[in-house]
Structures are given as structure tokens and as C-alpha cells.
Amino acid sequence: MVTNDHCPVEATLELIGGKYKSLILWHLAGGILRFNELQKQLPSATPKMLTQQLRELEAQKLIHREVFPVIPPRVEYSLTELGRSLMPILVAMRDWGSEYLSKKNVKPCCFMIGSDPVHTATSQKGTL
């Protein structure tokens, strides 16, 4: 059944629903990163998958890709204003997930614990 409904939750999930998209956005909240730096942060992502996710985020205007005309080529990724606007949602997901795991007697343990991408991303507004 096809409808013309425009669900806000579906729209949000369409943007951040990829396997690594939320993690990429979180890492970029800390500042500009090159492909290899992102790859080190996400070792379970194959280069092909990481490239695909980055292209989708760029097409969705959540990240900016800047190519420098040097040899070897240098490419840097950063959050756009739209990408930065997602940080409170990602923090809420982290906090909800931490609470959920704690209720299951599982200690949350990941790179997101203790970091504040909302503050970091907000303080970088003028860097693009």
C-alpha cells in the first residue's frame, strides 16, 4: 500500500539508519577527519562500506567532502550544519541505550560514553 504520509521518524531513520552512519557523524562531531582516520575509528567497516556510507551522508547534505588538488589526493570530511543538528538525537540514543543496557545488567562500554558531540559540534560552527 502506497501512501503520501510523511513520517518524521522515518525521515530521520532514512538519514541515520545506515550501519555506520551514526558512528561516522559522531566521530565527525569531533572535527575534520580524513578517510584513513575514519577507517581507524571504524575498523569493522570495510573500505567499500565506509565509502558507500560517506557518499550517502554527503548526498543527504549531512557531511561535507573537500578534495584538495594535491598528489596523492587529500580528502577531508566534516559535518554540515544539518549534520550538526543531529547530534542531540544521537546523544539521546546513546543515553537511552546506556540506560537500556544497565537495566539488563550490562555495562555500557563504547567510545561514545563520556563524550559530548553536541558541545563539540556547536563550537565548530565557524570552522567550515
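This text goes with the structure placed above it.
Now for a look at the structure at hand. Note that the structure is predicted; figures quoted are calculated from it, not measured. (Residues numbered from 1 in each chain as written. Predicted model: local features only at pLDDT ≥ 70, side-chain atom pairs only at ≥ 80, totals over all residues. Heavy atoms only, no water.)

## Observations concerning the overall build of the protein
As a reminder of what qualifies: Put simply, DSSP H or I for four residues or longer makes a helix, DSSP E for two residues or longer makes a strand, and each gets a number counted from the N terminus. We call a residue buried when its accessible area falls under 20% of the maximum for its residue type, exposed when it is over 50%, and partly exposed in between, using a 1.4 Å probe and counting protein chains only. Only heavy atoms enter the contact rule, under which two residues are in contact if any of them lie within 4.5 Å.
From N to C terminus, the protein includes 7 helices and 3 strands. Counting from the amino terminus, the protein carries its helices and strands in the arrangement α-α-β-α-α-β-β-α-α-α. Considering the protein as a whole, with its 128 residues, one finds that 34% of them fall into the buried category. Within the protein, counting contacts between residues at least 6 apart in sequence, those at least 24 apart form 59% of the total.

## Here's the deal with the packing of aromatic side chains
Rules: Here the aromatic set is Phe, Tyr and Trp, taking the six-membered ring for Trp, and pairing holds for ring centres within 6.5 Å; pairs whose planes are under 30 degrees apart are stacked, those over 60 apart are edge-to-face, and all others are tilted. Only when the NZ atom of a Lys or the CZ atom of an Arg is both within 6 Å of the ring centre and within 35 degrees of the ring normal do we say a charge sits over the ring.
Tallying each qualifying case throughout the model produces 1 aromatic pair. Above the plane of the ring of Phe 68 lies Arg 74, whose end atom (NZ or CZ) is 3.9 Å from the centre.

## Focus: the side chain of Glu 76
Heads up, the condition is: Definition of a polar contact: a pair of N or O atoms within 3.5 Å, with one able to donate and the other able to accept a hydrogen when the atoms are protein atoms, and with sequence-neighbouring residues admitted only if both atoms are side-chain atoms.
Assignment of secondary structure puts Glu 76 in strand β3 (residues 74-79). Within the local environment of Glu 76, its side chain forms a polar contact with the side chain of Arg 74, the two groups lying 3.4 Å apart. Contact partners of Glu 76, with chain neighbours within four places excluded, come to Ile 32, Leu 33, Arg 34, His 64, Arg 65, Glu 66 and Phe 68.

## Here we look at the pairing of strand β2 (residues 63-68)
For clarity, the threshold we go by: Should DSSP find at least two bridges between two strands, the strands are taken to pair.
Pairing geometry for β2 and β3, over 6 bridges, is antiparallel. Within the sheet, the bridge partner assigned to Ile 63 lies in β3 and is Leu 79. Joining the antiparallel neighbours β2 and β3 is a turn of 5 residues.

## Let's talk about the nonpolar core
If you look at soluble globular proteins, the nonpolar side chains tend to sit buried side by side. Test applied: We call a set of buried Ala, Val, Leu, Ile, Met, Phe, Trp, Tyr and Cys residues a nonpolar core when their side-chain atoms join them within 4.5 Å.
Ranked by size, the top nonpolar core spans 24 residues in total, and within it Ile 24, Leu 25, Leu 28, Leu 38 and Ile 63 carry the most contacts. It is helix α2 (residues 21-28) that provides the largest number of residues to this core, a total of 4 residues. Ignoring sequence-local partners within four residues, the contact set of Ile 63 consists of Leu 25, Leu 28, Leu 54, Leu 57, Glu 58, Tyr 77, Ser 78, Leu 79 and Thr 80.

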